[in-house]
Amino acid sequence: MDHSSLDEGRAVAAKVNERILYAQKQAYLRSRGIDPKGQLQLDFQFPAIAGRNDLRHMPNDYGRSSLFTARNKRQPRRTLLHEKLFHYNEHISILYTGIELRAENDELVWMQILNYGQSVSLGEPFEFSVKDLVRDVGWSKNGRNYDRARECISRLKANEILALNAKAYGKSGSISLIRNYIATNDSEGKPTQYRVWLDPSLIVLFAGNTFSSHSWKTYRDLSPVARRLADYIQSHQHPYPLAAERFRRMCGSMDSNARSWRQTVNKACSEVQDAEIAVLVKLDSKDQICCVRE
């Protein structure tokens, strides 16, 4: 068999596989009561979140992974190419390409942008100003934080995420957290107003209520590590004990000192409990994070 025949066979196989994956996603959405050809609008599909401006939302398949890291600010961000990220669930994997995203800022900005767009069909544009974004994530209004928000938006667009969930939708398809944007700039060339599009494929990550809702003021005031712990806890009705080492990997932390990491975890547990996200959160003698929500 010559090379051209081999290439043709591979192309046919790839198309067949693509159709199978597409059909699997369509069937999954229908099984969750969502018409794939209907209105893919978050507050329309999930009425419980409609009109609740005090809540922000995170897909569980992202929240239980190391997509948003909690590394030390002094450590430079990595640039990743088809990197398999850590995920709490073994049947789920995430491949990531782009600049490393962090819980301290990128996670907050993306959740707030989701909020701006939740009453608009996915794939349709919506607008916001950089000043409103900085205010709504709880940062002080100043030039440094405006630039910080702009940098987050650039990173959230310049990435590709492929989630694979063998027990649900199969492959999510390649998604950028922001599909596209255009901006109006000031006299210095800095964006002040954004027009943003989100990827319609995001719907598979929310279908079947597979997302967690966080009280925004409480959540955004947590430290990055405590926020990652909140992501884990609130994605489970009855959270299983979480090994400190697995949690370290979920945070993407480079802290290899067991004692130092225990101190960090203990502080995060206290934060989450004080914030009343759970009744009890503690690190036990076996280095397991134990939690009681209610």
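Below you will find a few notes about this structure. Sequence order as written defines the numbering, with residues in each chain counted from 1. The predicted origin of the model limits local features to residues at a pLDDT of at least 70 and limits the giving and counting of side-chain atom pairs to 80 or more, whereas totals for whole chains, interfaces and linings rest on all residues. Heavy atoms throughout the structure, all of them, feed into the side-chain values; hydrogens and water do not.

## A look at the pairing of strand 14 (residues 288–292)
Moving on, step 1. In strand 14, alternate side chains face the same way, and those of Ile289 and Cys291 are buried while those of Gln288, Cys290 and Val292 on the opposite face are not.
Moving on, step 2. Two strands make a pair as long as DSSP finds a minimum of two bridges between them. Numbering of helices and strands runs from the N terminus; a helix is a DSSP stretch of H or I covering at least four residues, while a strand is a stretch of E covering at least two. As paired elements, strand 12 (residues 242–243) and strand 14 share two bridges and run antiparallel to each other. Each residue of the ladder has a partner; that of Leu242, found in strand 14, is Ile289.
Moving on, step 3. Alignment of strand 13 (residues 280–283) against strand 14, held across four bridges, turns out to be antiparallel. Summary of the burial criterion: residues with accessible area below 20% of their type's maximum are buried, those above 50% are exposed, and those between are partly exposed, where the area comes from a 1.4 Å probe applied to protein chains only.

## Here we look at a nonpolar patch on the surface
Moving on, step 1. Patch construction takes residues with relative accessible area above 30% that form no salt bridge. Like charges are linked within 9 Å, and nonpolar side chains (Val, Leu, Ile, Met, Phe, Trp, Tyr) are linked within 5 Å. For the accessible areas, the method is Shrake-Rupley and the probe is 1.4 Å, while residue cover comes only from the protein chains on display. The working definition used for a salt bridge is a side-chain nitrogen of Lys or Arg within 4 Å of a carboxyl oxygen of Asp or Glu. On the surface, Val279, Leu280 and Val292 cluster together to form a nonpolar patch covering roughly 240 Å² of accessible area.
Moving on, step 2. With respect to the element layout, Leu280 can be found in strand 13.
Moving on, step 3. Assessed through its relative accessible area of 35%, Leu280 is described here as partly exposed.

## As for the packing of aromatic side chains
Moving on, step 1. Centres within 6.5 Å are what make two rings of Phe, Tyr or Trp a pair, Trp counting through its six-membered ring; a difference in plane orientation under 30 degrees is then read as stacked, over 60 as edge-to-face, and the rest as tilted. Tallying each qualifying case throughout the model produces 11 aromatic pairs.
Moving on, step 2. Ring geometry for Tyr28 and Tyr169: centres 5.9 Å apart, planes at 70°, overall edge-to-face. Of this pair, Tyr28 sits in helix 1 (residues 3–31) while Tyr169 sits in the loop between strand 7 (159–165) and strand 8 (170–175); the two residues are 141 residues apart in sequence, bridging distant segments of the chain. Of the two residues, Tyr28 and Tyr169, both sit in the buried class.
Moving on, step 3. A network of ring pairs unites the aromatic residues Tyr116, Phe126, Phe128, Tyr181 and Tyr194 as a single cluster.
Moving on, step 4. Against the face of Trp139 rests Arg148, its NZ or CZ located 3.8 Å from the ring centre.
Moving on, step 5. Consider the ring centre and the ring normal. A charge sits over the ring if Lys NZ or Arg CZ is within 6 Å of that centre and within 35 degrees of that normal. If you follow Arg227 out to its NZ or CZ, it ends over the ring of Tyr219, 5.8 Å from the centre.

## Concerning the packing of helix 9 (residues 224–234) against helix 11 (residues 258–274)
Moving on, step 1. Relative to each other, helix 9 and helix 11 sit at 65°, their axes nearing to 9 Å. Our pair here, helix 9 against helix 11, has a crossing hand that is right-handed. Across the interface between the two elements, Val225, Ala226, Leu229, Ala230 and Ile233 from helix 9 touch Trp261, Thr264, Ala268, Cys269, Glu271 and Val272 from helix 11.
Moving on, step 2. Gly is put with the polar residues, along with every residue not named as nonpolar or charged; the nonpolar set is Ala, Val, Leu, Ile, Met, Phe, Trp, Tyr, Cys and Pro, and the charged set is Asp, Glu, Lys and Arg. Residues belonging to the contact of helix 9 with helix 11 are distributed by class as follows: nine nonpolar, one polar and one charged. Interaxial angles span 0 to 180 degrees and are taken between N-to-C directions of axes, which are lines fitted to C-alpha atoms, for helices over the stretch in contact. Crossing handedness: left-handed means the near helix sits turned counterclockwise from the far one by under a right angle, and right-handed means the same turn made clockwise. A contact between two residues is defined here by any heavy atoms of the two lying within 4.5 Å.

## Re the sheet that holds strand 6 (residues 126–129)
Moving on, step 1. Spatially, 6-10-9 is the arrangement adopted by the three strands of the open sheet, whose pairing is antiparallel. The sheet terminates laterally at strand 6 and strand 9 (180–185), the two strands that pair on one side only. Ignoring which end each strand starts from, the neighbouring axes of this sheet average 20° apart.
Moving on, step 2. Relative to strand 10 (residues 191–197), strand 6 runs antiparallel, the two being bridged by four bridges.

## Description of unusual backbone geometry
Moving on, step 1. Of note, Glu276 is a non-glycine position whose phi angle comes to about 60°, a positive value.
Moving on, step 2. Mapped onto the secondary structure, Glu276 falls in the loop between helix 11 and strand 13.
Moving on, step 3. Within the chain, Asp287 stands out as a residue other than glycine whose phi angle is a positive 60°.
Moving on, step 4. Structurally, the position occupied by Asp287 is in the loop between strand 13 and strand 14.

## Description of the side chain of Lys25
Moving on, step 1. In this structure, Lys25 sits in helix 1.
Moving on, step 2. Charged residues are defined narrowly, with Lys and Arg counted positive, Asp and Glu counted negative, and His plus the chain ends left uncounted. Lacking a salt bridge, the buried Lys25 has Asp199 as its closest oppositely charged neighbour, with an N-O distance of 7.5 Å.
Moving on, step 3. If near-sequence neighbours (up to four positions away) are discounted, Lys25 is found in contact with Tyr169, Lys171, Ser172, Gly173, Ser201 and Val204.

## Observations regarding the side chain of Gln118
Moving on, step 1. With respect to the helices and strands, Gln118 occurs in the loop between helix 4 (103–117) and strand 6.
Moving on, step 2. Gln118 gets classed as buried once you look at its relative accessible area, which sits at 8%.
Moving on, step 3. Not counting residues up to four positions away in its chain, the partners in contact with Gln118 are Gln41, Leu42, Asp43, Ile49 and His57.

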